[in-house]
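Summary of structural features
Spelled out, the chains give:
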Amino acid sequence: SIPLGYFAGVGALSKQGVLVKGGNYLERLKNLDTVIFDKTGTLTEGVFEVVEIKTFNGFKKDEILKIAAYAEEHSNHPIAESIKKKFGKEINKNIIEDYEEISGHGIRAKIEGKEILVGNRKLMNKFKIKTPEINFSGTIVFVAIDGKFAGYIGISDKIKPGVKDVIKNLKNLGVKKTVMLTGDSEKVAQSVAKEIGIDEYYAELLPGDKVNFFEKFSEGVSTAFVGDGINDAPVLTRADVGIAMGGLGSDAAIEAADVVIMDDDISKLSDSMKISRKTLKITW
Ligand code: ADP
Ligand code: MG
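Residues numbered from 1 in each chain as written. Chains lettered and ligands numbered in written order. Predicted model: local features only at pLDDT ≥ 70, side-chain atom pairs only at ≥ 80, totals over all residues.

Under an unreviewed UniProt entry, the name given to the protein is Cadmium-translocating P-type ATPase, and the source organism is Marinitoga aeolica.

1. Let's talk about the sheet that holds strand S4 (residues 96-102)
Whether parallel or antiparallel, the strands of a sheet pair through hydrogen bonds between backbone atoms. Applicable threshold: In this scheme, strands are said to pair when DSSP sees at least two bridges between them. In DSSP terms, a helix is any run of H or I states spanning at least four residues, a strand is any run of E spanning at least two, and both are numbered starting from the N terminus. For helices, the axis comes from a line fit to the C-alpha atoms of the stretch in contact; other axes are also lines fit to C-alpha atoms, and the angle between any two N-to-C directions lies between 0 and 180 degrees. By the convention adopted here, residues make contact when the C-beta atoms placed from their backbones lie within 7 Å.
Ordered by their spatial adjacency, six strands build an open sheet running S3-S8-S7-S6-S5-S4, and the pairing between neighbours is antiparallel. Here the strands that pair on one side only, and so sit at the sheet edges, are strand S3 (49-55) and S4. Neighbour-to-neighbour, the strand axes of this sheet turn through a mean angle of 15°, independent of strand direction. Helix-sheet contacts for helix H5 (residues 78-87) involve S3, strand S7 (139-145) and strand S8 (148-156), and the interaxial angle to S3 is about 75°.

2. Concerning unusual backbone geometry
Applicable threshold: Three classes are used. A residue is buried when 20 or more other C-beta atoms lie within 10 Å of its own, exposed when 12 or fewer do, and partly exposed in between, with C-beta atoms placed from the backbone.
A positive phi angle, close to 45°, is found at glutamate 112, a residue other than glycine. Mapping glutamate 112 onto the fold places it in the loop between strand S5 (106-111) and strand S6 (114-119). Judged by the 12 C-beta atoms lying within 10 Å of it, glutamate 112 falls in the exposed class.

3. Description of the sheet that holds strand S12 (residues 241-245)
Across the sheet, which stays open at both edges, the seven strands sit in the order S1-S13-S12-S11-S2-S9-S10 with mixed pairing between neighbours. Every interior strand has two partners, whereas the edge strands, strand S1 (18-20) and strand S10 (200-202), have only one. Geometrically, the sheet is characterised by an average inter-axis angle of 15° between neighbouring strands, direction not taken into account. Relative to strand S13 (residues 259-261), S12 runs parallel, the two being bridged by three bridges. Counted as the bridge partner of methionine 245 is isoleucine 261 from S13. Along the sheet, helix H12 (residues 268-279) contacts S1, strand S11 (223-227), S12 and S13; its crossing angle with S13, the most-contacted strand, is approximately 135°.

4. Topic: the pairing of S12
Extensive coverage of S12 is indicated by the burial of five of its five residues. Here S12 shows a buried face lined by Val241, Ile243 and Met245 and a second buried face lined by Gly242 and Ala244. Pairing between S11 and S12: four bridges, direction parallel. Bridged to valine 226 within S12 is isoleucine 243.

5. A closer look at the environment of valine 35
One can find valine 35 in strand S2 (residues 34-38). Valine 35 sits 23 residues away from alanine 12 along the chain, and the two C-alpha atoms are 22 Å apart. Those residues in contact with valine 35 that sit more than four places away from it in its chain are Leu170, Val175, Thr178, Ala224 and Val226.

6. Description of the site of ligand 1
Selection rule: Any residue whose C-beta atom, as set from the backbone, lies within 6 Å of a molecule or strand is reported as near that molecule or strand. Think of it as three bins: nonpolar holds Ala, Val, Leu, Ile, Met, Phe, Trp, Tyr, Cys and Pro, charged holds Asp, Glu, Lys and Arg, and polar takes everything else, Gly as well. Domain ranges listed in this record stem from an automatic or a database domain assignment.
For ligand 1, the set of nearby residues contains 24 residues, the closest of which are Thr40, His77, Gly106, Asn120 and Gly183. The class makeup of the residues in the shell around ligand 1 is seven nonpolar, 12 polar and five charged. When we break the shell around ligand 1 down by domain, the ones giving at least three residues each are domain 1 (4-45 + 159-279) and domain 2 (49-156).

7. Details of the nonpolar core
What counts here: For this entry, the nonpolar core is defined as buried Ala, Val, Leu, Ile, Met, Phe, Trp, Tyr and Cys residues connected by C-beta atoms within 7 Å.
Of all hydrophobic cores here, the largest spans 50 residues; its most connected members are Phe225, Leu236 and Ile243. The biggest single contributor to this core is helix H8 (residues 186-196), with five residues. The contacts of phenylalanine 225, once residues within four sequence positions are left out, are Ile36, Phe214, Val235, Leu236, Ala239, Gly242 and Ile243. Residues Ile83, Leu123, Ala150 and Tyr152 belong to the second largest nonpolar core, which totals 29 residues.

8. Brief notes about the environment of valine 118
With respect to the helices and strands, the residue valine 118 is situated in strand S6. Classification of valine 118 as buried rests on a count of 29 C-beta atoms within 10 Å. Sequence spacing of valine 118 and isoleucine 145 is 27 residues, and the spatial spacing of their C-alpha atoms is 9.0 Å. Ignoring anything within four residues of it in the chain, the contact list for valine 118 reads Ala68, Ala71, Glu72, Gly106, Ile107, Val141 and Val143.

Shown next as structure tokens:
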């Protein structure tokens, strides 16, 4: 029989704003064992907002915000965007003497003769900067000036509405395991994982680590990976079904994905599984 359901399914999903790049992916969507998610931009909005600035060692708030905004000038990471937005002033590019974005860590720059580091604790450790314990529940961006910890910028992101239900629905549809992979800190990852009820999470991963973890989890089981595309295109291509967020996601991700959720509405993930099951029953 001709699988008319394929056409019906792809059509029904496209009406929902979910693009499926072939009938075989519908078949795979029907029965998934494991669904692995990226955090930032996928489970969370990926729209960060500066909510706290604290200084140490005699530095001033204005000073570290300015330094951080200058360091982030060339970055389009959501964290960088939030810091530049908070700074809100024009940036004089002439005083940025040197600049390097270190994947999964942050920025190293030379600004007006000063050595600047802006990023996570991993970045501080890499450059042997001593940092105190900090009590902030969101993402912490550490700032160091000439080898000294100068303060931090506290940034918050929001969990997308409906994520908790999606995780529950996937379970009801027979998905055995849900996993979150993130480059963000253990603390942030733990609080998100707990709030949404995901089975397992792994934090502080570099983009290459995400590929290794994915391979570990996908062995012998049918696996979907859901990402926003910033740093996760290699995992999207390895998944049985690679699912990308089309709105925030990068062009590379949309290209690498098998399924694209155009409006980033994560609840369309479990809906898609349901639609694939319903429509694949139709034959003539
Ligand atoms: P994820 O999407 O999983 O959160 P990323 O690899 O994009 O992971 O980033 C991991 C971490 O690296 C971020 O949470 C942040 O701490 C740090 N980081 C990456 N890029 C920057 C940047 N431009 N400025 C500051 N911190 C950054
Ligand atoms: Mg991401």
